[in-house]
Amino acid sequence: MSGAETAAVPLYLGIKHMLMAKIATGEWPPRHRVPSENELVARLGVSRMTINRALRELAQDGVLLRVQASVPSSRKAKAIPAFSRSATLPKRSPSAATRTAPQS
């Protein structure tokens, strides 16, 4: 492959193929924790968006399962005061409801 042909391949695609090879050879067996985006950025010296696209496409292809590292969790429910429209919103004056726009 010539230098021109190598340059024509998008960087994310080369990384995607490299990661697929690690899975196919068994270097990363099923259920193996794949390095995070930030870890891959540091190892490979490319932008986070490049790594993100490669991982996103692998997930779309069913090769990887992406799970967020930290997911908000619910806490014990607190009592929520009853909502009363009259208590929270001011009443409109009758004159405001009958006003019309000025005519030009």
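Attention in this report is confined to the structure presented alongside it. (Residues numbered from 1 in each chain as written. Predicted model: local features only at pLDDT ≥ 70, side-chain atom pairs only at ≥ 80, totals over all residues. Heavy atoms only, no water.)

**Topic: the overall build of the protein**
Right, on to step 1. The number of helices and strands found in the protein is six helices and zero strands.
Right, on to step 2. At a minimum sequence separation of 6, the contacts of the protein that also span at least 24 residues come to 49%.
Right, on to step 3. Of the roughly 9000 Å² that the protein leaves accessible, carbon and sulfur atoms contribute 57%. (Helix = DSSP H or I, 4+ residues; strand = E, 2+ residues; numbered from the N terminus. Contact = heavy atoms within 4.5 Å. Areas by Shrake-Rupley, 256 points an atom, 1.4 Å probe, with all protein chains shown as cover.)

**Some thoughts on the packing of aromatic side chains**
Right, on to step 1. Tallied over the entire structure, the rule returns zero aromatic pairs.
Right, on to step 2. Directly above the aromatic system of Y12 lies the positively charged group of R53, at a separation of 4.0 Å from the ring centroid. (Phe/Tyr/Trp six-rings, centres within 6.5 Å; stacked < 30°, edge-to-face > 60°. Lys NZ or Arg CZ within 6 Å of the ring centre and 35° of its normal.)

**Quick word on the side chain of T50**
Right, on to step 1. Within the secondary structure, T50 sits in helix 4 (residues 48-60).
Right, on to step 2. Here the side chain of T50 touches S47 through a polar contact of 2.9 Å, side chain to side chain.
Right, on to step 3. For T50, the contacting residues outside a window of four places in its chain are L11, Y12 and I15. (Polar contact = N/O pair within 3.5 Å; in protein donor to acceptor, adjacent residues only side chain to side chain.)

**Let's talk about the nonpolar core**
Right, on to step 1. Membership of the largest hydrophobic core is limited to ten residues, which are I15, L19, W28, L40, V46, I51, A54, L55, L58 and L64.
Right, on to step 2. Within the residue set of this core, elements represented by two or more residues are helix 2 (11-24) and helix 4.
Right, on to step 3. Ranked by residues supplied to this core, first place goes to helix 4 with four residues.
Right, on to step 4. The residues contacting I15, other than those within four sequence positions of it, are L44, V46, T50, I51 and A54. (Core = buried A, V, L, I, M, F, W, Y, C linked by side-chain atoms within 4.5 Å. Buried < 20%, exposed > 50% of the residue type's maximum accessible area, 1.4 Å probe, protein only.)

**What about helix 4?**
Residues three or four positions apart in an α-helix share a direction because the helix packs 3.6 residues into each turn.
Right, on to step 1. Compared with the 18 Å implied by 1.5 Å per residue over 13 residues, the 18 Å span of helix 4 between its first and last C-alpha is a close match.
Right, on to step 2. Every buried residue belonging to helix 4 is among T50, I51, N52, A54, L55, E57 and L58, and all of these are buried.
Right, on to step 3. Looking at the buried residues of helix 4, the elements they touch are helix 2 and helix 3 (37-44).
Right, on to step 4. Just beyond helix 4, the residue with positive phi is G62, at close to 80 degrees. (Expected span 1.5 Å × (residues − 1).)

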